[in-house]
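Here is how the chains run, residue by residue.
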Amino acid sequence: MTPDVHVTLKAVTRVYPAHSGHAAVQALGPIDFGLRRGEFVGVVGPSGCGKSTLLETVAGLAMPTTGTVTFEGAPVRHQVPDGVGVVFQEDATFPWLTVRDNVAFGLQRAGVDAAEITRRVDDAIAFMGLNAFRTAYPSQLSGGMRQRVCIARTLVLRPRLILLDEPFGALDQQTRLLMGEELLRLWRETGATVMLITHALDEAAMLSDRVAVMSSRPGRFISVLETHWPRERDSRIVSEPGFGLFTSRLWELIRDESRKALGIA
Amino acid sequence: MKHPALWRSAIAGGLVLALEVLCRTGVINAFTMIPPSKMLVALANMMRHADWFWADARYTFQNVAAAIVLSIVPGFLIGLVIHALPRLRRVLNPVLLSYYSVPTFVFYPLLIVIFGIGQLSLTIMGAMFGVVAMISSTLTAIDRIPRVYGKVARVMRINRWRTALRITLPAATPHLFTGVKLAVAYSVIGVIAGEFILATAGLGRRLSLSFNEFDNATMYGLILLIFIVVAIINGVLQRWEARIYRRWYRA
């Protein structure tokens, strides 16, 4: 294993077996890929190409049918490895808990002592700009703020690999841009490796060091493009001339695959 | 309509008043029903003077409380297990759906043979009535929990037991209220009816005795008492449920 490779996928496929008269479906792969330690990788692809399946496979939430996933040199099998955090597209806040208790939830489970929980939770809440809402319930927050609670809940566990499955999918464009900035800040300050699944090409282009483009089902990586953005970047990068060119390049790669996915190729 | 609670109270009050008038004017004859005001007086007299009252009331409400607990706790746990085993659920589904079409009371003589006449038979009778409502409600409640919570539990590497306690139970709570309310109602029915048919003590037995002796004052006083107790329990559950819904869905 190359020292700076954090996650490795080797010939990973995922096949949903035949059932109730339906034929088996190959959802993914084969995929060979390595995530470098500390980089931000975006994954884009047509609808139904297996992006979320890929994320679940990397996380250990689903097992590959063939091939292997390794995280920090150890194979990922049947359970999410320590050091991996996942933020989902759906609202995953617990409505019966306050913001503070939502954020502390995983730490309490991990048996961290009370003083340390308070310190980490306070830091995460402050980092995500939720100080004024510590005692609020999720129903009192907007969709963007709830997603920040979910990110804070992941952050307190100090993951070395953060997987994000279209975390801003339900948000409006302005909020997405601002949440993207928060995510970049988080990535820079934690030094974590980040893999972001998204259907938004501009989001992937703005946030990522590299963008992997997937084919229509079964999802494979048809191209992996380097953005060459500086590490210190924010949403203003969208006004750079290079940004438009990069996004156009992504669209060129993905257009035919999207047509195939829609059945209009 | 503004102030639905006020309207509800007004309608209930109106119905009680109408019943009072119908009984007092003889439209409903005194042999069939006594006026609500007399039911209240009869209940108050029983509470103050009847030497059997508190012992029988304690007997019945102990049985009801035990039946409610035996409906709700095992009902929830059995629901959890059935939900975790989809094949078992497919097998049991027809049984759960048709359970209340079977007259459960046919098992009461069997319970008496096995456990004797007494609190255990009555409690089991009450629980047999309530437990399936709780199982069905638990299954529906868990079905309605967002799947993402299960993924969150796995990402946080929380074991199944802790997930059930810390995530599944609270997430299912608002949807479990239907089962809890039904379990309470069915437990009361099971216990009172069991006592009515065959028991050595209890308000159901007193009901049966007063019915056979044409003692309308005692019979309606007891019916009123049972009605008031069940209404209070349901009122408390309703308020609790409404509070949770407000907190969860106020947006």
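Up top is the structure these notes are about.
Below is a short write-up of the structure. (Residues numbered from 1 in each chain as written. Chains lettered and ligands numbered in written order. Predicted model: local features only at pLDDT ≥ 70, side-chain atom pairs only at ≥ 80, totals over all residues. Heavy atoms only, no water.)

## Considering the nonpolar core
Part 1 of the argument: Ranked by size, the top nonpolar core spans 131 residues in total, and within it Leu9(A), Val43(A), Leu54(A), Val103(A), Leu163(A), Met195(A) and Phe53(B) carry the most contacts.
Part 2 of the argument: It is helix α8 (residues 160-197) of chain B that provides the largest number of residues to this core, a total of 11 residues.
Part 3 of the argument: Two domains share this core, each providing at least three of its residues, namely domain 1 (36-63 + 72-83 + 159-265) and domain 2 (92-158) of chain A.
Part 4 of the argument: Contacts of Phe53(B), omitting those with residues within four sequence positions, involve Leu43(B), Met46(B), Met47(B), Leu222(B) and Leu225(B).
Part 5 of the argument: Listed in part, the nine residues of the second largest apolar core include Tyr108(B), Leu111(B), Ile112(B) and Leu122(B). (Core = buried A, V, L, I, M, F, W, Y, C linked by side-chain atoms within 4.5 Å. Buried < 20%, exposed > 50% of the residue type's maximum accessible area, 1.4 Å probe, protein only. Helix = DSSP H or I, 4+ residues; strand = E, 2+ residues; numbered from the N terminus. Domains from an automatic or database assignment. Contact = heavy atoms within 4.5 Å.)

## Remarks on the interface of chain B and chain A
Part 1 of the argument: On the chain A side, the residues contacting the 19 residues of chain B number 29 residues.
Part 2 of the argument: Between chain B and chain A, roughly 2300 Å² of surface is buried when both sides are summed, and carbon and sulfur atoms account for 62% of that area.
Part 3 of the argument: It is Val155(B), Met156(B) and Arg157(B) that lose the most area in chain B upon contact with chain A, and together they represent 29% of the buried surface on that side.
Part 4 of the argument: Here Arg157(B) and Asp82(A) are joined by a salt bridge, their closest N and O atoms 3.3 Å apart.
Part 5 of the argument: Our count for the chain B to chain A interface comes out at four residue pairs in polar contact (both at pLDDT 80 or more). (Buried area = accessible area lost by both parts, 1.4 Å probe. Salt bridge = Lys/Arg side-chain N within 4 Å of Asp/Glu carboxyl O. Polar contact = N/O pair within 3.5 Å; in protein donor to acceptor, adjacent residues only side chain to side chain.)

## What about the packing of aromatic side chains?
Part 1 of the argument: Using the criterion set out here, one finds 18 aromatic pairs over all chains in the structure.
Part 2 of the argument: Both rings, one in Tyr99(B) and one in Tyr100(B), keep their centres 5.1 Å apart while their planes meet at 85°; by these two values the pair is edge-to-face.
Part 3 of the argument: The exposure class of Tyr100(B) is partly exposed, given its relative accessible area of 32%.
Part 4 of the argument: Seen from their ring centres, Phe196(B) and Phe211(B) are 6.4 Å apart, and the 50° between their planes marks the pair as tilted. Of this pair, Phe196(B) sits in helix α8 while Phe211(B) sits in helix α9 (residues 203-212), and the two are 15 residues apart along the sequence.
Part 5 of the argument: Put simply, the rings of Tyr99(B), Tyr100(B), Phe105(B), Tyr108(B), Phe129(B) and Tyr186(B) pair up and form one aromatic cluster.
Part 6 of the argument: Of note, Arg231(A) hangs over the ring of Trp187(A), and the distance from its end group to the ring centre comes to 4.3 Å. (Phe/Tyr/Trp six-rings, centres within 6.5 Å; stacked < 30°, edge-to-face > 60°. Lys NZ or Arg CZ within 6 Å of the ring centre and 35° of its normal.)

## A closer look at the side chain of Arg233(A)
Residue and element names in this part refer to chain A.
Part 1 of the argument: Looking at the element boundaries, Arg233 is found in the loop between β10 (221-226) and α7 (241-262).
Part 2 of the argument: Assessed through its relative accessible area of 4%, Arg233 is described here as buried.
Part 3 of the argument: From its side chain, Arg233 meets the backbone oxygen of Met206 in a polar contact 3.3 Å long.
Part 4 of the argument: Of the polar contacts made by the side chain of Arg233, one reaches the side chain of Asp209; its length is 3.3 Å.
Part 5 of the argument: With residues up to four places along the chain from it excluded, the contact list for Arg233 reads Phe40, Leu184, Trp187, Arg188, Met206, Leu207, Ser208 and Asp209.

## Details of the pairing of strand β1 (residues 5-16) of chain A
Residue and element names in this part refer to chain A.
Part 1 of the argument: Bridging between β1 and strand β2 (residues 25-36) involves eight bridges; their strand directions are antiparallel. Residue Leu9 lies in a different strand from β2, and its bridge partner there is Phe33.
Part 2 of the argument: In this structure, β1 lies alongside strand β4 (residues 66-71), joined through five bridges in antiparallel fashion. Paired with Lys10 across the two strands is Thr68, which belongs to β4. (Pairing = 2+ DSSP bridges.)

## Observations concerning the sheet that holds strand β3 (residues 40-44) of chain A
Residue and element names in this part refer to chain A.
Part 1 of the argument: Across the sheet, which stays open at both edges, the six strands sit in the order β6-β7-β8-β3-β9-β10 with mixed pairing between neighbours. Looking along the sheet, the strands with just one partner apiece sit at the ends: β6 (84-87) and β10. Pairwise comparison of adjacent strand axes, ignoring direction, gives a mean angle of 15° for this sheet.
Part 2 of the argument: In terms of strand pairing, strand β7 (residues 161-165) meets strand β8 (residues 193-197) through five bridges, oriented parallel. Note that in β8 the partner of Leu164 across the bridge is Leu196. (Axes fitted to C-alpha atoms, helices over the stretch in contact; angles between N-to-C directions.)

## Section: the sheet that holds strand β5 (residues 74-75) of chain A
Residues and elements named next belong to chain A.
Part 1 of the argument: Spatially, β2-β1-β4-β5 is the arrangement adopted by the four strands of the open sheet, whose pairing is antiparallel. For this open sheet the edge positions go to β2 and β5, each flanked by a neighbour on one side alone.
Part 2 of the argument: Here helix α1 (residues 51-59) sits on the sheet and contacts β1, β2 and β4; the angle it forms with β1, its principal contact strand, is near 125°.

## A few points about unusual backbone geometry
Residues and elements named next belong to chain A.
Part 1 of the argument: That bond from Arg217 to Pro218 is cis: its omega, -5°, falls within 30 degrees of zero.
Part 2 of the argument: Within the secondary structure, Pro218 is located in the loop between β9 (210-214) and β10.
Part 3 of the argument: You will see that Ala11, though not glycine, has its phi angle at about 50°, which is positive.
Part 4 of the argument: Position of Ala11 relative to the elements: it lies in strand β1.
Part 5 of the argument: Despite not being glycine, His228 shows a phi value in the positive range, around 65°.

## Focus: the packing of α9(B) against helix α10 (residues 216-249) of chain B
Pairs of packed helices are described in terms of their axes, by the angle between the two and the distance that separates them.
All names here are of chain B.
Part 1 of the argument: Interhelical geometry of α9 versus α10 gives an angle of 150° and a closest axis separation of 8 Å. The angle between the axes of α9 and α10 places the two elements in the roughly antiparallel class. α10 is crossed by α9, and the crossing has left-handed handedness. On α10, the residues touching Leu203, Arg206, Leu207, Ser210 and Phe211 of α9 are Thr218, Met219, Leu222, Ile223, Leu225 and Ile226.
Part 2 of the argument: In terms of residue class, the contact of α9 with α10 is made up of eight nonpolar, two polar and one charged. (Parallel < 35°, antiparallel > 145°, perpendicular 65-115°, else oblique. Left-handed = near helix turned anticlockwise from the far one by under 90°. Nonpolar A, V, L, I, M, F, W, Y, C, P; charged D, E, K, R; others polar.)

Just geometry here; none of it tells us what the structure is for.
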